[in-house]
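# Close look at the chain arrangement
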Protein chains: 2
Amino acid sequence: MELDHLFLLEALKEAKKAFKLGEVPIGAIIVKDRKIISRAFNRKEFLQDPTAHAELLAIKEASRKLNSWRLNGCTLYSTVEPCIMCCGVIIQSRIDRLVYSVPDPKFGGIESLYTIFKDKKVNHRLEVKKIYIKEAEELLKEFFKALRERCRSLA
Amino acid sequence: MELDHLFLLEALKEAKKAFKLGEVPIGAIIVKDRKIISRAFNRKEFLQDPTAHAELLAIKEASRKLNSWRLNGCTLYSTVEPCIMCCGVIIQSRIDRLVYSVPDPKFGGIESLYTIFKDKKVNHRLEVKKIYIKEAEELLKEFFKALRERCRSLA
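Values in this document were obtained by computation on a predicted structure and should not be read as measured data.

Bringing the UniProt feature "active site" (unreviewed entry) in chain A into the picture now. Residue and element names in this part refer to chain A. Here, the residues flagged by UniProt with the feature "active site" (unreviewed entry) are Glu55. Among the secondary structure elements, Glu55 is positioned in helix 3 (residues 54-66). Those residues in contact with Glu55, other than ones at most four positions away along the chain, are Ile26, Ala28, Leu76, Ser78, Val80, Glu81, Pro82, Cys83 and Cys86.

Structure, rendered in structure tokens:
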């Protein structure tokens, strides 16, 4: 199995932690020089923080570790297509590689709502790679199915 | 002077704090029920945190105060057009009003790079108002002029 796939499976481990805690199951890690320097999962509900997406938290933690807002040479692995906010953080942090798995038709900024990193007007170039991992998508489907059922039982 | 203008001048006070500390001079406040519930200025360099834009920090602080990621009923005042990241945080936090002053041709997501809140594909509607404040723009110009001169003297 290629290295990018293995690292994406590490991000999936984070997504599973989110699932267990009742958060939308999305996980992310940051890798530099083949080492994982930060790991995070979505904690929006637990923290009641609209910025607490897995990708943003992983980027913040990587910056803290490296003591730099510039994350050149880093790769972000995310189980889901980053939203507009997280694409913005990628721009701000100058991350130069992104590997993700499942598209997000409602919020995604890479291929769904926008194609931010293909647009010439955006002042940051990024290598983007997509590796589909069935389990990452199934985890999301299971989460939203359970959520719909809970909503229905409360209605 | 109308209330929105007065609140924008409060955001300008924050921008001036950033200027004094050598940060790009951008300030933001959040208002709910005519009361300021959070204030912040850009602290990207000081914190070495790529997410530490004035708008994002103000939103995080408002969520902390209200103990909710949902900021319905809140207005964000920013001295500058929010970037893609900060537009994303506005979406995530469901803020329903934005008042800003100076356009940002390099990073702005409202009227410059994108028109995020006019795009039907984006799942959040927002009232956007623009009030030009000369001092907010002059503060930025002065900051970037000094930065260029410093860079030139180091070259």
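Now that the structure has been shown, the text picks up again.
So, on to the interface of chain B and chain A. Contact residues are listed per partner, giving 32 residues for chain B and 32 residues for chain A. Buried area between chain B and chain A, summed over both chains or domains, comes out near 3,000 Å², and the portion from carbon and sulfur atoms is 61%. Counting the surface chain B buries against chain A, the share from its top three residues, Trp69, Gln92 and Tyr114 of chain B, is 22%. Remark: the boundary between chain B and chain A carries 2 salt bridges. On the surface where chain B and chain A come into contact, there are 14 residue pairs in polar contact (both at pLDDT 80 or more). Secondary structure elements with two or more residues in the side of chain B that touches chain A: helix 2 (44-47), helix 3 (54-66) and helix 4 (84-93) of chain B.

Mapping chain B onto chain A is achieved by rotating through 180 degrees and translating by 0.0 Å along the same axis, at an RMSD of 0.0 Å. Here the two chains are linked by the operation of a two-fold rotation axis. Distance from the rotation axis, computed per C-alpha, reaches its smallest value in chain B at Met85 of chain B: 2.1 Å. Both copies contact each other with a shared surface, as 100% of the interface residues of chain B are interface residues in chain A too.

Residue and element names in this part refer to chain B. Tracing the chain through its elements places Ala54 in helix 3. When its relative accessible area of 1% is taken as the criterion, Ala54 is described as buried. When the C-alpha atoms of Ala54 and Ala15 are compared, they prove to be 8.4 Å apart, with 39 residues separating the residues in sequence. For Ala54, the contacting residues outside a window of four places in its chain are Ile26, Gly27, Ala28, Ala40, Phe41 and Asn42.

In a beta sheet, neighbouring strands are held together by backbone hydrogen bonds and run either parallel or antiparallel to one another. All names here are of chain A. Read across the open sheet, the 5 strands follow the order 2-1-3-4-5; overall the sheet is mixed. Both outer strands of the open sheet, strand 2 (35-41) and strand 5 (127-130), are each paired with one neighbouring strand and no more. Taking each pair of neighbouring strands and ignoring which way they run, the sheet shows an average axis angle of 15 degrees. Alignment of strand 1 (residues 27-32) against strand 3 (residues 74-80), held across 5 bridges, turns out to be antiparallel. Directly across from Val31, in strand 3, lies its bridge partner Thr75. Here helix 5 (residues 134-154) sits on the sheet in contact with strand 3 and strand 4 (97-102), set at roughly 55 degrees to strand 4.

Looking now at the pairing of strand 3 (residues 74-80) of chain B. Residue and element names in this part refer to chain B. Counting buried positions over the 7 residues of strand 3 gives 7, a clear majority of the element. Across 5 bridges, the pairing between strand 3 and strand 4 (residues 97-102) is parallel. By the bridge assignment, Tyr77 is partnered in strand 4 with Val99. What joins strand 3 to strand 4 is helix 4, and the crossover it makes is right-handed.

Rules of the game
- Residues numbered from 1 in each chain as written.
- Chains lettered and ligands numbered in written order.
- Predicted model: local features only at pLDDT ≥ 70, side-chain atom pairs only at ≥ 80, totals over all residues.
- Heavy atoms only, no water.
- UniProt positions renumbered as here; feature names shortened; annotations may be inferred.
- Helix = DSSP H or I, 4+ residues; strand = E, 2+ residues; numbered from the N terminus.
- Contact = heavy atoms within 4.5 Å.
- Buried area = accessible area lost by both parts, 1.4 Å probe.
- Salt bridge = Lys/Arg side-chain N within 4 Å of Asp/Glu carboxyl O.
- Polar contact = N/O pair within 3.5 Å; in protein donor to acceptor, adjacent residues only side chain to side chain.
- Least-squares fit on C-alpha atoms with pLDDT ≥ 70 in both.
- Buried < 20%, exposed > 50% of the residue type's maximum accessible area, 1.4 Å probe, protein only.
- Pairing = 2+ DSSP bridges.
- Axes fitted to C-alpha atoms, helices over the stretch in contact; angles between N-to-C directions.
- Right-handed = clockwise from strand over helix to strand, strands pointing away.

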